[in-house]
Amino acid sequence: MSKRALKNYLKGLKKSDLEEQITDLYDRFPAVKQYFDFVFNPKEDKLVQEAKTKISNEYFPLKRKRARARRSVAQKYIKLFLKLEMDPFLTADVMLYNQEVAQTFSENHRVPDAFYKSMLNSFKESIQFISRNRLLAEFKDRIIIIYQNSQKQNWPYEEDFSQALDIID
């Protein structure tokens, strides 16, 4: 169904029918519920704290022995924050937090090569997002520390990390 056809359909509904349809969507689809919950009660700080807790638990688990170290956990939250059009400052904070925790983890653990490639992608995405939202002044120090730690830990893709950093100069 096209957007135009949807609008025509909605115009033909009575107010009570429209309310019933929206309530039904709210009940059936978690994404719709999440959207309305956020729109009417945007607890951004709570979402950010939840994301940071999950990210930390991915690398330093409290209830299991072995860390999973999956970038996808952080990416899921970042994607959600972008979809909800959350404050870019908070989104950028979570993006960098993910990399900082991953670097702390990699100091004392052996990680596969794919981990470094994934962190490079996260680093690039973070810098682009921060630059696009004009938040460089607030996050430049953290970005540089992440870069320096990648160099200090002898991460592969050194040249690529350096090139990603060129965006902020």
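Structure first, text after, so check above.
Keep in mind that what you see is a predicted model, and the values were worked out from it rather than measured.

J.: Help me understand the nonpolar core, please; the structure alone is not making it clear to me.
T.: It is characteristic of soluble globular proteins that their nonpolar side chains tend to be buried jointly. Of all hydrophobic cores here, the largest spans 42 residues; its most connected members are Tyr59, Phe81, Phe115, Phe123 and Ile143. With nine residues, the top contributor of residues to this core is helix H6 (residues 88–108). In this structure, tyrosine 59 is in contact with Ala67, Ala69, Arg70, Arg71, Asn98, Val101, Ala102, Phe105, Phe115 and Met119, ignoring residues within four places of it in sequence.

J.: Help me understand a nonpolar patch on the surface, please; the structure alone is not making it clear to me.
T.: A cluster of nonpolar residues, Met1, Leu6, Tyr9 and Leu10, forms a patch on the protein surface that exposes about 420 Å² of accessible area. With respect to the helices, strands and loops of the structure, leucine 6 is situated in helix H1 (residues 3–11). A relative accessible area of 37% places leucine 6 in the partly exposed class.

J.: How do you make sense of the packing of helix H4 (residues 44–59) against helix H5 (residues 71–83) when you look at a structure like this?
T.: Two quantities define a packed helix pair, namely the angle between the helix axes and the distance between the axes. One way to put it is that H4 packs onto H5 with a least axis distance of 9 Å and a crossing angle of 165°. Accordingly, the angle class assigned to the pair H4 and H5 is roughly antiparallel. The hand of the H4/H5 crossing is left-handed. Where H4 abuts H5, its residues Leu47, Val48, Glu50, Ala51, Lys54, Ile55, Glu58 and Tyr59 lie against Arg71, Val73, Ala74, Tyr77 and Phe81. Looking at the contact of H4 with H5 residue by residue, the classes come out as nine nonpolar, no polar and four charged.

J.: Honestly, the environment of valine 32 in this entry has me stumped. Any pointers?
T.: Within the secondary structure layout, valine 32 lies in helix H3 (residues 30–40). A relative accessible area of 21% means that valine 32 is categorised as partly exposed. Residues valine 32 and isoleucine 22 lie ten residues apart in sequence; the distance between their C-alpha atoms is 9.1 Å. Every residue in contact with valine 32, bar those within four places of it in the chain, is listed here: Leu25 and Tyr26.

J.: How should the pattern of salt bridges be read in this particular structure?
T.: It is possible for side chains bearing opposite charge to pair when their charged atoms get close. A complete count under the given rule lists eight salt bridges for this structure. Residues aspartate 93 and arginine 142 are paired through a salt bridge, measuring 2.6 Å at the closest nitrogen-oxygen approach. In this pair, aspartate 93 is assigned in helix H6 and arginine 142 in helix H8 (residues 136–152), connecting sequence segments 49 residues apart. For arginine 142, a relative accessible area of 22% translates into the label partly exposed. The salt bridge involving arginine 142 is made with glutamate 100; its shortest N-O contact spans 2.8 Å. You can see arginine 142 sitting in helix H8 and its partner glutamate 100 sitting in helix H6, a full 42 residues away along the chain. Because the salt bridges share partners, they merge into one network encompassing Lys52, Asp93, Glu100 and Arg142.

J.: Help me out: how do you make sense of the environment of phenylalanine 60 in this one?
T.: Tracing the sequence through the fold places phenylalanine 60 in the loop between H4 and H5. You can call phenylalanine 60 partly exposed: its relative accessible area is 36%. In this view, phenylalanine 60 contacts Val101, Thr104 and Phe105; residues no more than four positions away in its chain are not counted.

J.: Please clarify how empty space enclosed by the protein should be interpreted in this entry.
T.: Gaps left between atoms are located by rolling a probe of water-molecule size over the structure's atoms. Evaluated as defined, the whole model comprises one cavity of 30 Å³ or more. Its boundaries defined by the atoms lining it, the largest cavity holds a volume of some 30 Å³. Taken together, Gln75, Ile78, Met95, Asn98, Gln99, Ser122, Glu125 and Ser126 make up the lining of the largest cavity. For the lining of the largest cavity, the secondary-structure elements that each account for two or more residues are H5, H6 and helix H7 (113–132). Residue composition of the lining of the largest cavity, by class: two nonpolar, five polar and one charged.

J.: I keep staring at H4 and nothing clicks. Help me out?
T.: Helical periodicity: at 3.6 residues per turn, an α-helix aligns residues three or four positions apart in one direction. The end-to-end C-alpha distance of H4, which contains 16 residues, comes to 23 Å, matching closely the 22 Å that a straight helix rising 1.5 Å per residue would cover. For H4, the full list of buried residues reads Leu47, Val48, Ala51, Lys52, Ile55, Glu58 and Tyr59. Projected down its long axis, H4 carries its buried residues within an arc of 135°, all on one side. Every exposed residue of H4 that faces more than 90 degrees away from the buried side is listed here: Asp45 and Lys46. The elements touched by buried residues of H4 are H3, H5, H6 and H7.

Criteria and cut-off values
Residues numbered from 1 in each chain as written. Predicted model: local features only at pLDDT ≥ 70, side-chain atom pairs only at ≥ 80, totals over all residues. Heavy atoms only, no water. Core = buried A, V, L, I, M, F, W, Y, C linked by side-chain atoms within 4.5 Å. Buried < 20%, exposed > 50% of the residue type's maximum accessible area, 1.4 Å probe, protein only. Helix = DSSP H or I, 4+ residues; strand = E, 2+ residues; numbered from the N terminus. Contact = heavy atoms within 4.5 Å. Patch = residues over 30% accessible without salt bridge, like charges linked within 9 Å, V, L, I, M, F, W, Y side chains within 5 Å. Areas by Shrake-Rupley, 256 points an atom, 1.4 Å probe, with all protein chains shown as cover. Salt bridge = Lys/Arg side-chain N within 4 Å of Asp/Glu carboxyl O. Axes fitted to C-alpha atoms, helices over the stretch in contact; angles between N-to-C directions. Parallel < 35°, antiparallel > 145°, perpendicular 65-115°, else oblique. Left-handed = near helix turned anticlockwise from the far one by under 90°. Nonpolar A, V, L, I, M, F, W, Y, C, P; charged D, E, K, R; others polar. 1 Å grid on protein atoms, 1.4 Å probe; cavity = no way out; pocket = protein on both sides within 12 Å on 5 of 7 lines; lining within 4 Å. Points joined across faces, edges and corners; volume = space filled by probe spheres on them. Expected span 1.5 Å × (residues − 1). Arc of directions from axis to C-beta.

Structural measurements only, silent on function.
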